[in-house]
Amino acid sequence: MTGVAISSNRDLQDFMRIAWPGERKRFMGPPAAVVAFSDWNYYYTRDPLEWRSNTDPKRTVDVPVGFVTDLASIPPAFWTLLPKTAAYSYPAIIHDYLYWFQPCDRKDADEVLKGAMEDLGVATVTITTIYGGVRVGGESAWQANAKARANGEKRVLKRFPADMKISWEQWKTEPDVFV
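These figures come from a predicted structure and were not determined experimentally.

**Student:** Give me the overall build of the chain: which residues, what numbers.
**Tutor:** In terms of regular secondary structure, the chain is built from 5 helices and 5 strands. When the elements of the chain are put in sequence order from the N terminus, they spell out α-β-β-β-β-β-α-α-α-α. Taking all 179 residues of the chain together, the buried fraction comes to 41%. Taking the contacts inside the chain whose residues are at least 6 apart along the sequence as the reference set, 58% of them involve residues at least 24 apart. Of the accessible surface of the chain, which amounts to about 9,700 Å², a share of 55% is contributed by carbon and sulfur atoms.

**Student:** Lay out the pairing of strand β4 (residues 60-63) with the relevant residues and their values.
**Tutor:** Going residue by residue along β4, you find V61 and V63 tucked away on one face and T60 and D62 left uncovered on the opposite face. Sheet analysis places strand β3 (residues 49-52) next to β4, joined by 4 bridges and oriented antiparallel. By the bridge assignment for β4, E50 is matched with D62.

**Student:** I'd like a rundown of unusual backbone geometry, residues and numbers included.
**Tutor:** With a phi close to 60 degrees, W40 is a non-glycine residue in the positive phi region. Secondary-structure assignment places W40 in the loop between β1 (34-36) and β2 (43-45). Positive phi, normally seen in glycine, also occurs at D176, with a value near 55 degrees. Looking at the secondary structure, you find D176 in the segment after α5 (168-171).

**Student:** How would you sum up the side chain of Q102? Please name residues and give values.
**Tutor:** Its location among the elements puts Q102 in the loop between α2 (89-101) and α3 (106-119). Classification of Q102 by relative accessible area gives buried; the value is 18%. Within polar-contact distance, the side chain of Q102 engages the backbone oxygen of W142 at 2.8 Å. Filtering out sequence-adjacent residues up to four positions away, Q102 remains in contact with Y97, W142, N145, A146 and R149.

**Student:** How would you sum up the packing of α2 against α3? Please name residues and give values.
**Tutor:** The geometry of α2 relative to α3 is characterised by a closest axis approach of 9 Å and an angle of 170 degrees between their N-to-C directions. Classified by the angle their axes make, α2 and α3 are roughly antiparallel. Judged by the twist between their axes, the crossing of α2 over α3 is right-handed. Note on element contacts: α3 touches α2 through R106, A109, D110, V112, L113, A116 and M117, opposite P91, A92, I94, H95, L98 and Y99. Residue composition of the contact of α2 with α3, grouped by class: 10 nonpolar, 1 polar and 2 charged.

What counts as what
- Residues numbered from 1 in each chain as written.
- Predicted model: local features only at pLDDT ≥ 70, side-chain atom pairs only at ≥ 80, totals over all residues.
- Heavy atoms only, no water.
- Helix = DSSP H or I, 4+ residues; strand = E, 2+ residues; numbered from the N terminus.
- Buried < 20%, exposed > 50% of the residue type's maximum accessible area, 1.4 Å probe, protein only.
- Contact = heavy atoms within 4.5 Å.
- Areas by Shrake-Rupley, 256 points an atom, 1.4 Å probe, with all protein chains shown as cover.
- Pairing = 2+ DSSP bridges.
- Polar contact = N/O pair within 3.5 Å; in protein donor to acceptor, adjacent residues only side chain to side chain.
- Axes fitted to C-alpha atoms, helices over the stretch in contact; angles between N-to-C directions.
- Parallel < 35°, antiparallel > 145°, perpendicular 65-115°, else oblique.
- Left-handed = near helix turned anticlockwise from the far one by under 90°.
- Nonpolar A, V, L, I, M, F, W, Y, C, P; charged D, E, K, R; others polar.

Right, here's the structure in full:
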């Protein structure tokens with residue numbers, strides 16, 4: 001199974017340099033493996049993903065193993081400028097988690113996305129673009145997630161696919177796969 005965002009030893013070194021320089025030791029735990037379903041539109045975490053704000057230690061998010069995400073929900077027309085997988089992938093997973101479970105209001109979830117991207121050293125123009133996009137277009141995703149959750153959809157797996165040809169649409173219909 002291939003991880004997303006950390007694809008080589010060099011990527012891992014770059015991530016470690018960005019995520020843990022000097023004062024930033026509490027930003028995130030070790031790099032979390034993220035595995036794609038066969039459609040490459042949905043992914044799941046194989047490790048926990050932790051975020052601790054560099055500016056406010058009380059702001060924390062812990063994404064559990066098995067959380068299903070679509071990474072950055074960027075329209076395909078913009079993928080050449082803002083690909084789905086990039087330095088903002090971990091912040092996008094954290095944001096997806098907050099949008100799914102909604103333990104805070106949407107503005108706070110968007111602020112966490114922005115803060116996590118800042119903590120990881122994502123370029124300011126990229127942060128501004130992505131943050132602006134979620135502020136303008138995020139309400140429909142927020143409402144759709146609330147509706148899907150109310151209708152019984154789940155997003156945390158307790159079992160993972162053993163077949164790389166399984167899509168998210170197929171897997172979520174399997175019995176006994178969710179926490």
